[in-house]
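Secondary and tertiary structure notes
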Amino acid sequence: MGIKRICNPGVMYTRRIPAALLFIFCCMIFSVYVTYFNHGPPEDIMARNRQQQHGAESDNEDKGLHVAKRDELNAVENEEGGDDEKIKDEDNPDFVESKKLWENFIKSNDYVSIGDLYSGCDEGDRVLVGKSIMLPDKENGGIKARIFLNFTFEEEYMGGEFVLEVKYNNKELYDNHWDMCILDENQPDRLIFCPYEANAQWSWVKDKKIPSYLPKGRYETKAYVTNQDDKRILCGYSLFIL
């Protein structure tokens, strides 16, 4: 006697539905990843930021990489000239000389510059004391930022705050502040040891991983360090594209 197999089309159909939904869900996840989080290989990211660097330099050849954001946030009114006349960094011979030194450093090493560091936030009364660059992270994959800083304290430094503000595609994304003297106390390569006497120096080379989970887009950061009198003694700006 033969065995009859009964095929229930309804059961087979209901089993296909979860598989189809799973396939659609995976396609959606993949599309989101490609659209928002797949930055491409480090070489492509570097190329985009190098192109931005050259474009900014050609548009603002006498002012520097981050001139638009810097001028918007930090232009200081000239007390004698009123609102229409402003003090410019380029009017300060010390600034011009420091800018040339750092630009030559970037060009001679073929670095991709993404940021500037200044000895204060008041334009016209500061010098360029550092640069931030982007480079491939050969050890962990992806990319990282490297900060070069050569800063001298004009006065005794007893402590203050480190303030960070971040924009993503021209929208406010993140802001926070920390006690400067304990900012990196738990790091194996700690660099900050307060207090500092007048004429003491911060001479650093510091690497910072740029997380791969950040969505694609344009990132602008502003950071500054205050002293015990709440005076901004160090300012930094960066602009990069993922």
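Above: the structure in question.
Residues numbered from 1 in each chain as written. Predicted model: local features only at pLDDT ≥ 70, side-chain atom pairs only at ≥ 80, totals over all residues. Heavy atoms only, no water.

Points about the nonpolar core
Test applied: Residues belong to a common nonpolar core when they are buried Ala, Val, Leu, Ile, Met, Phe, Trp, Tyr or Cys residues joined through side-chain atoms within 4.5 Å. To sort residues, take the accessible area from a 1.4 Å probe on protein chains only and compare it with the maximum for the residue type: under 20% means buried, over 50% means exposed, and anything in between is partly exposed. Runs of E in the DSSP output that reach at least two residues are strands. Runs of H or I that reach at least four are helices, and both are numbered from the N terminus. Residue contacts are counted whenever heavy atoms from the two residues lie within 4.5 Å of one another.
Residues L149, F151, F153, Y157, W202, I233 and L234 are the most contacted members of the largest nonpolar core, which totals 15 residues. If you list the elements that add at least two residues to this core, you get β5 (143–152), β8 (201–209) and β10 (232–241). If we skip the residues at most four places from it in the chain, F151 touches S119, V129, A200, Q201, W202, I233 and L234.

Considering the pattern of salt bridges
Applied cut-off: Criterion for a salt bridge: a side-chain nitrogen of Lys or Arg within 4 Å of a carboxyl oxygen of Asp or Glu.
Applying the stated criterion across every chain yields a total of eleven salt bridges. D207 is the salt-bridge partner of R146, the closest N and O atoms lying 2.6 Å from each other. Residue R146 is located in strand β5, and its partner D207 is located in strand β8; the two are separated by 61 residues in the primary sequence. Across the pair D184 and R190 runs a salt bridge, and its minimum N-O distance is 3.9 Å. Owing to a relative accessible area of 9%, D184 belongs among the buried residues under this scheme. For R190, a relative accessible area of 28% gives the class partly exposed. Through salt bridges that share partners, K144, R146 and D207 make up one connected network.

Topic: helix α4 (residues 93–108)
Defined as follows: Under the convention used throughout, the expected extent of a helix is 1.5 Å for every residue step, that is, one less than its residue count. Arc, as used here, means the arc of the directions from the helix axis to the C-beta atoms. Counted as a polar contact is a pair of N or O atoms within 3.5 Å, where, for protein atoms, one must be capable of donating a hydrogen and the other of accepting one, and residues adjacent in sequence contribute only when both atoms are in side chains.
For α4, spanning 16 residues, the distance from its first C-alpha to its last is 23 Å, which sits close to the expected 22 Å at 1.5 Å a residue. For α4, every residue scored as buried is listed here: F95, S98, K99, W102 and I106. All buried residues of α4 lie within an arc of 105° about the axis, which places them on one face of the element. Exposed positions of α4 whose direction lies more than 90 degrees from the buried face are P93, L101, K107 and S108. For α4, the side-chain oxygen to backbone nitrogen distance between the N-cap and D94 is 3.0 Å, and the N-cap itself is N92. Immediately downstream of α4, the backbone of D110 shows phi near 55°, a positive value.

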